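Next come the chains, spelled out residue by residue.
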Amino acid sequence: MAKYYTPSGKFNPLAFLYFIVVALIVLPILGLAYAYAIWYIPFIYINFIIAGAFGFLIALAVSYGVVKFGKVRNIPLTIGLSFLAGIIALYFHWAVWVDLVINAGESYGSSRIGITVSNIKLLQTFNLALQPDILFSFICEINEYGTWGIRTATVSGTFLTIIWIIEALIILAISTFIPIGYASAPFCELGNEWFKEKELPAFGYIENPKELVKNLENSNSESFKELILSDNLEKDHSIFSLYSSNHQENYLSIINKKATTNKKGELEFKDDNVVEYVYLNSELTQHLKAIKAI
């Protein structure tokens, strides 16, 4: 038995059908929401946060709608589909946003900050999406003149292009890499199902993680000898996630959480991955469950 779980590289062909459904239904809706959000929120810094949220929602759509349902354990395929999903969502966003520019109405606010009322026309947006050459010509024209500014200067040209590129990179990076974690999770090939994940009650902080990992790798029963339940989650502690299948296979992931205080005096935790998806034999699994029951 291998010491760590490794994805098999397999997938259900239905994953491609699920991807088409997500691409035709979910991604256009996300693109619509993102376009309206950045249109009506005139703060460039907040827009970067919105871009991150947009990428995260795309990632969730692919992770659950394609990877989980399609039982995708193939990392290159996951990366390819996730990246393509990001491109598709961005494309729909551009179609909606350009249509908002075309249908822009009255502006409200001051010289420092304001918004312009606009709404899309569905048929017009649909036509833009089906004609990429026209869509890109509008984008180029908008880039030349700009639609918003910082203080009294209109943002356009190279500077606007850089901002668009940064937003696109944020979206594509998040939407592409988050689904990898889902495709890498333990999957039972015999039962053709994902392992069930269970987060155990918090344990004390692992002071010697290297020794613990070495014992786990060697299926040493001393692995959990010094392990005790944590009595205070506001102090340093560790989180154990147990992955189990119906075929008596088990894997374990451990995260050390170091308590710190930020500049505002608020409690925060710095996470350190001790080990991910290490194999547990039945003896170690029972021993871990016994500790849990104490």
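Here, the structure is the one placed above.
Below is a summary of the structure that appears in this document. (Residues numbered from 1 in each chain as written. Predicted model: local features only at pLDDT ≥ 70, side-chain atom pairs only at ≥ 80, totals over all residues. Heavy atoms only, no water.)

Okay, the layout of surface pockets next. The volume enclosed by the second largest pocket comes to roughly 320 Å³. Lining the second largest pocket are 15 residues, with Ile206, Leu212, Ser223, Glu226 and Leu227 sitting closest to its centre. No other element matches the three residues that helix α7 (residues 209-217) contributes to the lining of the second largest pocket. (1 Å grid on protein atoms, 1.4 Å probe; cavity = no way out; pocket = protein on both sides within 12 Å on 5 of 7 lines; lining within 4 Å. Points joined across faces, edges and corners; volume = space filled by probe spheres on them. Helix = DSSP H or I, 4+ residues; strand = E, 2+ residues; numbered from the N terminus.)

On the surface, Leu14, Leu17, Ile20, Val21, Leu24, Ile25, Val26 and Ile29 cluster together into a nonpolar patch covering about 710 Å² of accessible area. Mapped onto the elements of the fold, leucine 17 is located in helix α1 (residues 14-40). On the basis of relative accessibility, which here comes to 45%, the residue leucine 17 falls in the partly exposed class. (Patch = residues over 30% accessible without salt bridge, like charges linked within 9 Å, V, L, I, M, F, W, Y side chains within 5 Å. Areas by Shrake-Rupley, 256 points an atom, 1.4 Å probe, with all protein chains shown as cover. Salt bridge = Lys/Arg side-chain N within 4 Å of Asp/Glu carboxyl O. Buried < 20%, exposed > 50% of the residue type's maximum accessible area, 1.4 Å probe, protein only.)

It is at 7 Å that the axes of helix α5 (residues 132-145) and helix α6 (residues 157-183) come closest, and there the two elements cross at 120°. Of the possible angle classes, the one that applies to α5 and α6 is oblique. For the pair α5 and α6, the crossing hand works out as right-handed. Residues Ile139, Ile142 and Asn143 of α5 form the contact with α6, whose own contacting residues are Gly157, Leu160, Thr161 and Trp164. Taken together, the residues that form the contact of α5 with α6 break down as four nonpolar, three polar and no charged. (Axes fitted to C-alpha atoms, helices over the stretch in contact; angles between N-to-C directions. Parallel < 35°, antiparallel > 145°, perpendicular 65-115°, else oblique. Left-handed = near helix turned anticlockwise from the far one by under 90°. Contact = heavy atoms within 4.5 Å. Nonpolar A, V, L, I, M, F, W, Y, C, P; charged D, E, K, R; others polar.)

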